[in-house]
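A closer look at the structure
Residue strings, one per chain:
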Number of protein chains: 2
Amino acid sequence: MPIFATATVAADPTGVLIAVLLSLMVIYLASRLGGEICARFDLPPVLGELLAGALIGISVLHLLAFPEHGLTAQDSLLMRGVQSFLHLTPEVQEATFVAQGEVINLLSELGVIILLFEIGLESNLQELLRVGIQATLVAVVGVTVPFVAGTVGLITLFHVPTIPAIFAGAALTATSIGITAKVLAELQQLSSPEGQVILGAAVLDDVLGIIILAVVASLAKNGEVEIGRVVYLIVGAAVFLVGSVLIGRWLSPAFIGLVNNMKTRGSLLIMSLILMAVLAVIGAAIQLEAILGSFTAGLILSETERQQEIEERVLPLADFFVPIFFVCVGARTDFSVFNPAIPANREGLVLAAFLVVVAIVGKVTSGIGAGWGETKLNRLAVGVGMIPRGEVGLVFAAAGSSSGVLSDALDAGIVVMVILTTFLAPPLLRLVFPNQPATPVPTPEPHV
Amino acid sequence: MPIFATATVAADPTGVLIAVLLSLMVIYLASRLGGEICARFDLPPVLGELLAGALIGISVLHLLAFPEHGLTAQDSLLMRGVQSFLHLTPEVQEATFVAQGEVINLLSELGVIILLFEIGLESNLQELLRVGIQATLVAVVGVTVPFVAGTVGLITLFHVPTIPAIFAGAALTATSIGITAKVLAELQQLSSPEGQVILGAAVLDDVLGIIILAVVASLAKNGEVEIGRVVYLIVGAAVFLVGSVLIGRWLSPAFIGLVNNMKTRGSLLIMSLILMAVLAVIGAAIQLEAILGSFTAGLILSETERQQEIEERVLPLADFFVPIFFVCVGARTDFSVFNPAIPANREGLVLAAFLVVVAIVGKVTSGIGAGWGETKLNRLAVGVGMIPRGEVGLVFAAAGSSSGVLSDALDAGIVVMVILTTFLAPPLLRLVFPNQPATPVPTPEPHV
């Protein structure tokens, strides 16, 4: 018997479908417009997708609006479009708005999951293991330097209390693997030694970030660290990453043998996606991240004899889903933190200036970690590759906001730092990498 | 300001993600299992997908359960799995269940939209127009015969009152373009003359079905027909189908020219999907169907010079989305109507026997319409192709249930008729078509 059904008004199915299709149209138009403009100025297209997302999102046009920002159907231009066809009651309209928001959120999450799956497929596990020590050094330096410099600087220079300062320092440690990997792919640098070091370090950074977030969140809540939870996360991450690669390598011949015996259309893609979903679910369920699972699934399949075919079939899926992720990251970003007319923003912008410097210098410094045992590596490129905080930084900012320990000014400062590092990283990466791919990469026929 | 936010508990984002990924895993495993078993018995794989969907759905395993069937999170095995990881409060759990249901519904709708887009792309507009008169005759006969025979038979033989009898007669007129088109594609018969006649007739049937549904719904509500609405639907459908093909043919060179000038990855696919979304939204907004829009978009693009490339990129998308649709159609079907222990079902099964005979004989009869001007056409195959009621029939059944004019027995009888015609049509089609494709079709490399 439906216990809570009385409390909820059902969404209108046609309304949800129209709203989602309209959202996809707007997202795709924005991604092409932004991407094409950036491509013409020799900038990475993903920067254009982020900026176009910002244009259609909560900051400017309100074409894409999300219920979790406290907005209602009235705030969404798209929902008003739906309303002009369907004449829904206000309650149904609101439920429809919430439902389309859930769907777009999920499609966007599938976008980054499939992006990391594709990145894993295009990676080279041998090469990734070969650069493992360098990647680890980069990750550790890239987490330690910004964290210490940020926390100590905020306490000594700006007299910020200890716990908020630790929170802000933690937010400085994040690296957005999605944005970095996408830019590397666009520059055809994913399979270069620099690309593999950045990728490995970004994966480790993601794991370190989750552990740090758990530490500071329990600090902010109880004033002390839950050791058990931290140990659980460290052990869980290690067992998950190492275990799934080992088990995956062991079982993948049987997996490919099974797929080779299947007769129905699309089986290779579907079976690969099942593996991706299994590892993504495990990643999310043990409180790591779904994208770590999908990346690992891609890595496992990258070693199989049918890697090439899987990649060909995943490519159009990535083309479908990935722009939704980047445009939504832009659309969710609230640029009003740059508005100096709001008092908290003025102090926030000063803090932001400091945080941005620490964020960039700290991560560029991490590039020296890549110097271990190899002298020809472009260390600057590695450091710059670690700069974007992206959606991971926004998660830290959101956790900080909701914990209540951050002042409005520090909150705004963190958001500004995340935005600037995210939007600056693609053009900076474009600058530090030479025009041509460093290593010969197989040139596929242009996939436009 | 969020007006209704107080009434709604927000879903847990990680919970929704895990639930959706688990649902996709279950859907894909079911689709492969069912498809592969059917392929081995030389049956159409889509039958296996429908049956496997029924196995995991509301009738048997409850792995996939949908909130709109009055089920709660407790009824869904998957949600219990999510719960074991996340320990959500009952309210959040329920909201998460509803949200994942919205997402799966939407993915399933995207599945049939993309299926019809692919079918349109693989069709031949010239051939479709050439068989236009035959297709129209098939559609008209296939709507008139079952409607008249069903309505009159129920009134005279079973003493059913007039309005419910008209409703049941109307439900007999539907044809599921999705199921028929998928089976034809599997048999490589889409581009045969029979395939094109069936496809054209099924499109017209879909339009006729929408008009009939509007007529009987207003009859059931007010006891009279809203002439204005019927005229609107007829004119709207004609203007939409003819207009979008004409405008599309006129504008498609400019469209392809634009795409040829784009530099970012995935632009051909994305721009094609934008066109698909535009026409699907218009179709849904003028109260026709989104699938008519996506089919038309496919038809328009099928005439362009880049048809082949678009099709290659749409194929993996269809492989991703289409199984979700068929498995969900199976999962939503409530087989408890076959249970004779429920009193209304016993009378319903008697009515169902009558309805099934009318449903099959009426549609097979429509094949004679295909005889016009062409003698070599396999008329039996055309008639059999029109048999499956599928999701369109379920829409009629649902409209009947909610109108309150149907007795429980008649309601159950209609559902049984829809199920049997849907599940019988794929093996019957397999029987009436020869083993080899009738016309030479381009044999693509096996896409497994």
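Residues numbered from 1 in each chain as written. Chains lettered and ligands numbered in written order. Predicted model: local features only at pLDDT ≥ 70, side-chain atom pairs only at ≥ 80, totals over all residues. Heavy atoms only, no water.

A few points about the overall build of chain A
For chain A, the count of helices and strands is 17 helices and 0 strands. Scaling as 2.2 N^0.38, a compact globule of 448 residues should have a C-alpha radius of gyration of about 22 Å, and chain A matches this with 22 Å. When burial is assessed residue by residue, chain A has 60% of its 448 residues classed as buried. Considering only intrachain contacts with a sequence separation of at least 6, the fraction spanning at least 24 residues in chain A is 79%. With the model as given, the accessible surface of chain A reaches about 16,700 Å², and the carbon-plus-sulfur share is 68%. Chain A carries 19 positive and 33 negative side-chain charges, and their two centres are separated by 6 Å. (Helix = DSSP H or I, 4+ residues; strand = E, 2+ residues; numbered from the N terminus. Rg over C-alpha atoms; globule rule 2.2 N^0.38 Å. Buried < 20%, exposed > 50% of the residue type's maximum accessible area, 1.4 Å probe, protein only. Contact = heavy atoms within 4.5 Å. Areas by Shrake-Rupley, 256 points an atom, 1.4 Å probe, with all protein chains shown as cover. Lys, Arg positive; Asp, Glu negative; His and termini not counted. Charge placed at Lys NZ, Arg CZ, Asp CG, Glu CD.)

A word on the interface of chain B and chain A
In this complex, chain B contributes 73 residues to the contact, which on the side of chain A involves 73 residues. Of the roughly 6,600 Å² buried at the junction of chain B and chain A (both faces included), carbon and sulfur atoms supply 73%. Counting the contacts that link chain B with chain A gives 4 salt bridges. Between B:Arg265 and A:Glu118 there is a salt bridge, and its shortest N-O distance comes to 2.9 Å. Seen at the junction of chain B and chain A, the total is 18 residue pairs in polar contact (both at pLDDT 80 or more). Breaking the side of chain B that touches chain A down by element, the ones donating at least two residues are helix H1 (13-40), helix H4 (90-122), helix H11 (267-285) and helix H13 (307-332) of chain B. When residues of the side of chain B that touches chain A are assigned to their parent elements, the largest contribution, 16 residues, is made by H1(B). Here the side of chain B that touches chain A is built from residues that sort into 50 nonpolar, 10 polar and 13 charged. (Buried area = accessible area lost by both parts, 1.4 Å probe. Salt bridge = Lys/Arg side-chain N within 4 Å of Asp/Glu carboxyl O. Polar contact = N/O pair within 3.5 Å; in protein donor to acceptor, adjacent residues only side chain to side chain. Nonpolar A, V, L, I, M, F, W, Y, C, P; charged D, E, K, R; others polar.)

Comments concerning the side chain of B:Asn105
Among the structural elements, B:Asn105 can be located in helix H4. Apart from the residues lying within four places of it in its own chain, the contact partners of B:Asn105 are B:Phe66, B:Glu68 and B:Arg332.

A closer look at the domain arrangement of chain A
Residue and element names in this part refer to chain A. As far as domains go, chain A holds domain 1 (5-107) and domain 2 (115-321 + 339-432). The straight-line distance from the C-alpha centre of domain 1 to that of domain 2 is 27 Å. Counting from both sides, the interface comprises 11 residues of domain 1 and, opposite them, 11 residues of domain 2. When domain 1 packs against domain 2, close to 1,100 Å² is buried across both sides, 72% of that on carbon and sulfur atoms. Broken down residue by residue, the surface that domain 1 buries against domain 2 is led by Pro44, Val46 and Leu50, which jointly contribute 40%. For the pair domain 1 and domain 2, the interface holds 0 salt bridges. (Domains from an automatic or database assignment.)

A look at the relation of the copies chain B and chain A
When chain B is brought onto chain A, the operation consists of a screw motion whose angular component is 180° and whose axial shift is 0.0 Å, with 0.0 Å RMSD remaining. Such a combination of rotation and displacement between the chain copies is what one expects of a two-fold axis. Among all C-alpha atoms of chain B, that of B:Val103 lies closest to the rotation axis, at 2.6 Å. When the interface residues of chain B are mapped onto chain A, 100% of them again lie at the interface, so the same face is used by both copies. (Least-squares fit on C-alpha atoms with pLDDT ≥ 70 in both.)

Details of the pattern of salt bridges
A full pass over the atoms with the stated rule returns 12 salt bridges over all chains. Linking A:Arg265 and B:Asp319 is a salt bridge whose minimum nitrogen-to-oxygen distance equals 2.8 Å. With A:Arg265 in the loop between helix H10 (227-260) and helix H11 (267-285) and B:Asp319 in helix H13, this pair bridges two chains. In this structure A:Arg265 comes out as partly exposed when scored by relative accessible area, which is 33%. Connected via shared salt-bridge partners are A:Glu118, A:Asp319 and B:Arg265.

Side note on a nonpolar patch on the surface
Together, A:Val225, A:Ile227, A:Val231, A:Ile234, A:Val235 and A:Val239 give the surface a local cluster of nonpolar side chains, amounting to about 510 Å² of exposed area. On the secondary structure map, A:Val231 appears in helix H10. (Patch = residues over 30% accessible without salt bridge, like charges linked within 9 Å, V, L, I, M, F, W, Y side chains within 5 Å.)

Describing the nonpolar core
A:Phe321, A:Ile414, B:Phe321 and B:Ile414 are the most contacted members of the largest nonpolar core, which totals 329 residues. Setting aside its immediate chain neighbours within four residues, B:Phe321 contacts A:Phe320, A:Phe321, B:Leu107, B:Leu110, B:Gly111 and B:Ile114. (Core = buried A, V, L, I, M, F, W, Y, C linked by side-chain atoms within 4.5 Å.)

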